[in-house]
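# Examination of the molecular architecture
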Amino acid sequence: PVLLMFGEEDFLLDEAYQRLVEAAVDEETGSFNFDLIEGSESTPETVVEMASAFPMMAERRVVAVKHFDKLVSGRSGNRAEQKSPLTSYFKAPAPTTFLILLASVPDLNGLAAAMGNSKQQAKADKKLKSAKFPYNVLLKENEWIEFPRLYDRDIPSWVARRFKQYKRDITPDACELLIAQAGMSLRDLHNEIEKILIYVRDKQKITRDDIVHLIGASKNYNIFELQKAVGLREFSRSIEIAQRMLSVDRQELLIITMLTRYFTILWKLSEARHISRDNFELGRTVGVSPFFLPEYLGALQKYSVGQIEQAFQALREADLAVKTSSGNSDIILQ
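Counting restarts for each chain: residues are numbered from 1 in the order of the written sequence. Local features in this predicted model are restricted to residues of pLDDT 70 or higher, and side-chain atom pairs are both shown and tallied only at a pLDDT of 80 or more, whereas totals for entire chains, interfaces and linings draw on every residue. No hydrogens and no water enter the side-chain calculation; it runs on all heavy atoms of the structure.

We call two strands paired when DSSP finds no fewer than two bridges between them. The helix count covers DSSP runs of H or I at least four residues long, the strand count covers runs of E at least two residues long, and both are numbered beginning at the N terminus. As summarised here, the arrangement of the five strands in space is β2-β3-β4-β1-β5, forming an open sheet in which the pairing is parallel. Each edge of the open sheet carries a strand with a single partner, namely β2 (34-38) and β5 (143-146). Each strand of the sheet is rotated relative to its neighbour by a mean of 15°, with strand direction disregarded. With four bridges connecting them, strand β1 (residues 2-6) and β5 associate as parallel partners. Only C-alpha atoms enter the line fits that serve as axes; for helices the fit covers just the stretch in contact. Angles between N-to-C directions range over 0 to 180 degrees.

Below is the structure:
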């Protein structure tokens, strides 16, 4: 009857909320039995009054409160808990109402992970114990779900699962290029995935050529051709490709991100190749399609481990310079 939804990954939270409403609200009687409340413009009394009302011509009604944290802002402490109508409602909610509370509660971020890890039980207990009203009552008496922000390393698998939902596959290199181009925001990635699905139509497997074509990159002057030139230590060719890319669009961060990934793969491969010579196993270990592995193995013939470490340092300095200075990006990347 009462569900608290919170967390840093607001896109997943909003999406889950929409699915819940679609599932819980009857289409024929929804206009009578669904109320959406803006927390910053309402009061606890109004919420309890709406949640306590009986459904009309249906088994239940749905009441959703967006920005619930703003509704209860400044209402903490034992006295507020004792006086608030929310306290008694949360302890004995109306059985015919589904009350959904959407909130931003930074103090509770990480609670789900801590509760799911036996080694972090003390951290979970501390969060539960320090929770302020009304969250202390909600966590104890009602259901809740957290939507934690995904780690950067988990974004590629999320993108792959997203395409699977549409019965499509995306190659690992296409996935990396998409993320490098769109960034780590799930909302932005979702929007880009929608565009890609429109572009590829019935095509079942999305490749890096699809992504390159969609973002308008040149067939000869794109990030993959740049990686190949850098891997072959072709300095003049590398500079030419980078300058062509920058002349079309300011892609400094894309270049730095993808070259960092490239040298990370080389670094991992320098160790893994001594353990296995099977391309499929090596590909899984370093996160590269076996089809592209020979290109990386060839680059390893031209780079020592020390030179790979120097590349990381150069990329780090370039990243910092691009983000913090107004200097010439062409010179920085050279």
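Don't stop here, the text continues.
Moving on: the environment of Ile100. Along the chain, the position of Ile100 falls in strand β4 (residues 97-103). As for Ile100 and Ser118, which are separated by 18 residues in sequence, their C-alpha atoms are 29 Å apart. When residues no more than four places from it in sequence are discounted, the contact partners of Ile100 are Leu3, Met5, Tyr17, Val21, Val62, Val63, Ala64 and Val65. For this analysis, residues touch if any pair of their heavy atoms sits within 4.5 Å.

Two aromatic rings, drawn from Phe, Tyr or Trp (for Trp, its six-membered ring), form a pair once their centres lie within 6.5 Å of each other, and the interplanar angle then sorts them: stacked below 30 degrees, edge-to-face above 60, tilted otherwise. Under the criterion given, the structure shown has seven aromatic pairs. Relative to Tyr296, the ring of Tyr262 lies with its centre 5.1 Å away and its plane at 35°, an arrangement referred to as tilted. Residue Tyr262 is found in helix α16 (residues 252-272), and its partner Tyr296 is found in helix α18 (residues 293-300); the two are separated by 34 residues along the sequence. Taken individually, Tyr262 and Tyr296 each receive the classification buried, so the pair is uniform in this respect. Following the ring pairs from residue to residue traces out a cluster consisting of Tyr262, Phe263, Tyr296 and Tyr303. Counted as over-ring charges are cases with an Arg CZ or a Lys NZ within 6 Å of the ring centre that also lie within 35 degrees of the ring normal. One Lys or Arg, Arg208, reaches over the ring of Phe224 and ends 4.2 Å from the middle of that ring. Under the scheme applied here, a residue whose accessible area is under 20% of the maximum for its type counts as buried, over 50% as exposed, and between as partly exposed, the area being computed with a 1.4 Å probe on protein chains only.

Put simply, a salt bridge is a Lys or Arg side-chain nitrogen that is within 4 Å of an Asp or Glu carboxyl oxygen. For the coordinates displayed, the defined rule picks out 14 salt bridges. Between Asp173 and Arg208 there is a salt bridge, with the nearest N and O atoms lying 4.0 Å from each other. One end of the pair, Asp173, is in helix α11 (residues 172-182); the other, Arg208, is in helix α13 (residues 208-214), with 35 residues separating them in the sequence. Under the relative-accessibility criterion, Asp173 is labelled buried at 8%. Residue Arg208 is classed as buried on the basis of its relative accessible area, which comes to 18%.

Another point: empty space enclosed by the protein. A water-sized probe rolled over the atoms picks out the places where empty space is left. Cavities and pockets were defined on a 1 Å grid built over protein atoms only: a cavity is a set of grid points that admits a 1.4 Å probe from which the probe cannot escape, a pocket is an open set flanked by protein on both sides within 12 Å along at least five of seven lines, and lining residues are those with an atom within 4 Å of any such point. Grid points are joined across faces, edges and corners, and a volume is the space filled by probe spheres set on the points. This structure, assessed with the given rule, holds three cavities of 30 Å³ or more. Taken as a whole, the largest cavity holds about 100 Å³ of empty space. Elements that contribute at least two residues to the lining of the largest cavity include exactly α11, α14 (223-231) and α18. If you tally residues by element for the lining of the largest cavity, the top one is α14, at three residues. Under the grouping applied here, Gly and all other residues not named as nonpolar or charged are polar, the nonpolar ones being Ala, Val, Leu, Ile, Met, Phe, Trp, Tyr, Cys and Pro and the charged ones Asp, Glu, Lys and Arg. Split into classes, the residues belonging to the lining of the largest cavity amount to five nonpolar, three polar and five charged.

This paragraph deals with the side chain of Thr29. Relative to the helices and strands, Thr29 is located in the loop between α1 (10-24) and α2 (30-33). Excluding anything up to four places from it in sequence, Thr29 contacts Met56, Met57 and Ala58.

Further remarks concern the nonpolar core. The term nonpolar core refers to a set of buried residues drawn from Ala, Val, Leu, Ile, Met, Phe, Trp, Tyr and Cys, joined through side-chain atoms within 4.5 Å. Counting 72 residues, the largest nonpolar core has Met5, Ile100, Val159, Phe163, Leu189 and Phe263 as its most contacted members. When near neighbours in sequence (up to four residues on either side) are disregarded, Val159 contacts Cys175, Leu178, Ile179, Leu189 and Ile193. If you look at the next biggest cluster of nonpolar residues, it comprises 28 residues, including Phe68, Ala131, Phe133 and Leu138.

For patches, a residue must show more than 30% relative accessible area and have no salt bridge; joins then use 9 Å for like charges and 5 Å for nonpolar side chains, namely Val, Leu, Ile, Met, Phe, Trp and Tyr. Every accessible area reported is derived by Shrake-Rupley at a probe size of 1.4 Å, with residue values counting cover from the shown protein chains alone. On the surface, Phe32, Met56 and Met57 cluster together to form a nonpolar patch covering roughly 340 Å² of accessible area. Residue position: Met56 is located in the loop between α3 (44-52) and β3 (61-66). The partly exposed category is assigned to Met56, whose relative accessible area is 44%.

A few words on the layout of surface pockets. In this model, the largest pocket occupies a volume close to 830 Å³. Asp152, Pro156, Glu176, Met184 and Arg261 are the residues nearest the centre of the largest pocket, which is lined by 27 residues in total. Among the secondary structure elements, those contributing two or more residues to the lining of the largest pocket are α10 (155-165), α11, α16 and α19 (305-324). Ranked by residues supplied to the lining of the largest pocket, first place goes to α16 with nine residues. Counted by class, the lining of the largest pocket contains 14 nonpolar, six polar and seven charged residues. By volume, the second largest pocket is sized at about 550 Å³. Lining the second largest pocket are 22 residues, and of these Val230, Phe235, Leu259, Leu333 and Gln334 lie nearest its centre. Residue assignment for the lining of the second largest pocket shows that the elements contributing at least two residues are α14, α15 (235-248), α16, α19 and α20 (329-333). It is α19 that contributes the most residues to the lining of the second largest pocket, five residues altogether. Broken down by class, the residue content of the lining of the second largest pocket amounts to 17 nonpolar, three polar and two charged.

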